[in-house]
Amino acid sequence: MPDHFYTLDFAGELAPGNYEREGITGYVYTSMQPNTVAIYRWYNSTSHDHFYTADPGGELAPQNYKYEGIAWYMFNQRQVNTVALYRWYNSESGDHFYTADATGELGPPAYKSEGILGYMHPNPTNHAVPIYRWWESGLLSNFSFDDDITEAQRRKLLERHTWAFYRAGICGNIGAEEKEKVRAVYRQGIRHSATTLPGVNAYVPDLNARHLFINFNNLFPQGDREIAQTLLHEMMHCAGYPHPAHIDSGPNIDRPYDGGKYYGTAPLRSELCIDGVQSDTSTVGMVLASYAVTQTELRACPVVNPTAQANEATAPGDVVTQA
Ligand SMILES: [Zn+2]
């Protein structure tokens, strides 16, 4: 009974794990504004349906739904620069679905129109905040986590994975087949283990592995962007895409955005999907700096393609370090 869930929380509250991101529905308010009304959120744990209504009494909801508070504030009539948010209902699955698309996206015949919930801004507007839409597709439901990974670490990994998966889906830096392959891997049983291996953020033991090792001490302090980039990079390895060893010095030095033998590979290109940057970006401004500076950079992962590593190692003048 796949649910559609709407929240102002970018991280999706408890959604990551079973839900996947579906982007931004529109822009609303966190407090009462002129001509706005509160939208109340209810949840049916049996049918897994999130239900939103402007009726403080909850319409028919109280019978089977639990009240979860005020979701947001939106206009109760059309204003300048607003669009309607339409409500649709699938009586078979019990799912309520909300969209700015008057034809309903999923629409008829499965979903029947139930009118307009309210009006919202279609684009970012002063003081308005995004509604994030999530869909209970079961994404990441096959992921597993070793016992020594804390609940907070698990939650962060799931949230960052959903962001990486979403960004990969709309990314122009990886090709159609790369996109399809890596997104398919997210639905498989990926085991997560902690590692303290020095100098790496994360790694997979082999290409096509279904096992990620995360160095939480190295990776998490680098922040959300680096976490998502690293996870997507490693998932590209799980999907079968390798890269050679990073060349740290000499005439063939690898630099972010050079599109070369290292940064041009699928795992490194995928990093651009998150925020348009590749790991080790701090070296960009240091292309004239000494080799010793770049050598201290953490790598997303060590080499997972021994053949490529050997090839790089034999290139004249290159120093191969497994960071
Ligand atoms: Zn890698």
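What you are looking at is a predicted structure, and each value in this text was computed from that prediction instead of being measured.

1. Remarks on the sheet that holds strand β1 (residues 4–7)
Spatially, β1-β9-β2 is the arrangement adopted by the 3 strands of the open sheet, whose pairing is antiparallel. Sheet topology places β1 and β2 (20–28) at the edges, where each strand pairs with a single neighbour. Neighbouring strand axes in the sheet, compared pairwise and without regard to direction, differ in orientation by 25 degrees on average. Each of β2 and β9 (129–135) touches helix α1 (residues 151–169); the most contacted strand, β2, lies at about 85 degrees to it.

2. Side note on the pattern of salt bridges
Within the structure shown, the criterion is met by 15 salt bridges. The closest approach of N and O atoms between Glu68 and Arg41, which form a salt bridge, is 2.8 Å. Taken together, the positions of Glu68 in strand β5 (residues 66–75) and Arg41 in strand β3 (residues 36–44) put the pair 27 residues apart, joining distant regions of the chain. Exposure remark for Glu68: the relative accessible area of 32% places this residue in the partly exposed category.

3. Details of the packing of helix α4 (residues 224–238) against helix α5 (residues 266–275)
Where α4 meets α5, the closest approach of the two axes is 8 Å, and the angle between their N-to-C directions is 145 degrees. Relative to α5, α4 is oriented so that their crossing is right-handed. Residues Arg225, Ala228, Gln229, Leu232, His233, Met236 and His237 of α4 form the contact with α5, whose own contacting residues are Ala266, Pro267, Leu268, Ser270, Glu271, Cys273, Ile274 and Asp275. Classifying every residue of the contact of α4 with α5 gives 8 nonpolar, 4 polar and 3 charged.

4. Examining unusual backbone geometry
One non-glycine residue, Glu13, adopts positive backbone phi at about 55 degrees. With respect to the helices and strands, the residue Glu13 is situated in the loop between β1 and β2. Although it is not a glycine, Tyr257 adopts a positive phi angle of roughly 70 degrees. With respect to the helices and strands, the residue Tyr257 is situated in the loop between α4 and α5.

5. Some words on the state of the cysteines
Cysteine pairs can be linked by a disulfide, which is a covalent bond between their two sulfur atoms. Taken as a whole and assessed by the stated rule, the structure comprises 1 disulfide. Between Cys171 and Cys273 runs a disulfide, and the two sulfur atoms are separated by 2.1 Å. Handedness of the Cys171-Cys273 disulfide follows from its S-S torsion of about -80 degrees: it is left-handed. Taken as a pair, Cys171 in the loop between α1 and α2 (176–185) and Cys273 in helix α5 lie far apart in primary sequence, 102 residues in all.

6. Digging into the sheet that holds strand β12 (residues 202–203)
Spatially, the 4 strands line up as an open sheet ordered β10-β11-β13-β12, and their pairing is mixed. The open sheet has two edge strands, β10 (144–145) and β12, and neither has a second partner. Bridging between strand β11 (residues 191–194) and strand β13 (residues 211–214) involves 4 bridges; their strand directions are parallel. Each residue of the ladder has a partner; that of Ala194, found in β13, is Ile214. Sitting on the sheet, α4 touches β12 and β13, and the angle it makes with β13 is about 150 degrees.

7. Describing α5
When you tally the buried positions in α5, you get 8 out of 10 residues, the bulk of the element. Listed in full, the buried residues belonging to α5 are Ala266, Pro267, Leu268, Ser270, Glu271, Leu272, Cys273 and Ile274. Against α1, α2 and α4 lie the buried residues of α5. One or two residues past the end of α5 sits Gly276, with phi positive at roughly 75 degrees.

8. Side note on the confidence of the model for the protein
Detailed reading of the predicted coordinates is not advisable wherever pLDDT is low. Predicted confidence across the protein gives a mean pLDDT of 85, with 86% of residues reaching 70 or more. In the predicted structure, residues 281–298 sits below a pLDDT of 50 and forms 24 contacts with residues beyond four places in sequence or in another chain. Confidence over residues 304–323 falls short of pLDDT 50; this stretch has 40 contacts with residues more than four positions distant or in other chains.

Conventions adopted
- Residues numbered from 1 in each chain as written.
- Predicted model: local features only at pLDDT ≥ 70, side-chain atom pairs only at ≥ 80, totals over all residues.
- Heavy atoms only, no water.
- Pairing = 2+ DSSP bridges.
- Helix = DSSP H or I, 4+ residues; strand = E, 2+ residues; numbered from the N terminus.
- Axes fitted to C-alpha atoms, helices over the stretch in contact; angles between N-to-C directions.
- Contact = heavy atoms within 4.5 Å.
- Salt bridge = Lys/Arg side-chain N within 4 Å of Asp/Glu carboxyl O.
- Buried < 20%, exposed > 50% of the residue type's maximum accessible area, 1.4 Å probe, protein only.
- Left-handed = near helix turned anticlockwise from the far one by under 90°.
- Nonpolar A, V, L, I, M, F, W, Y, C, P; charged D, E, K, R; others polar.
- Disulfide = S-S within 2.5 Å.
- pLDDT = per-residue confidence, 0-100.

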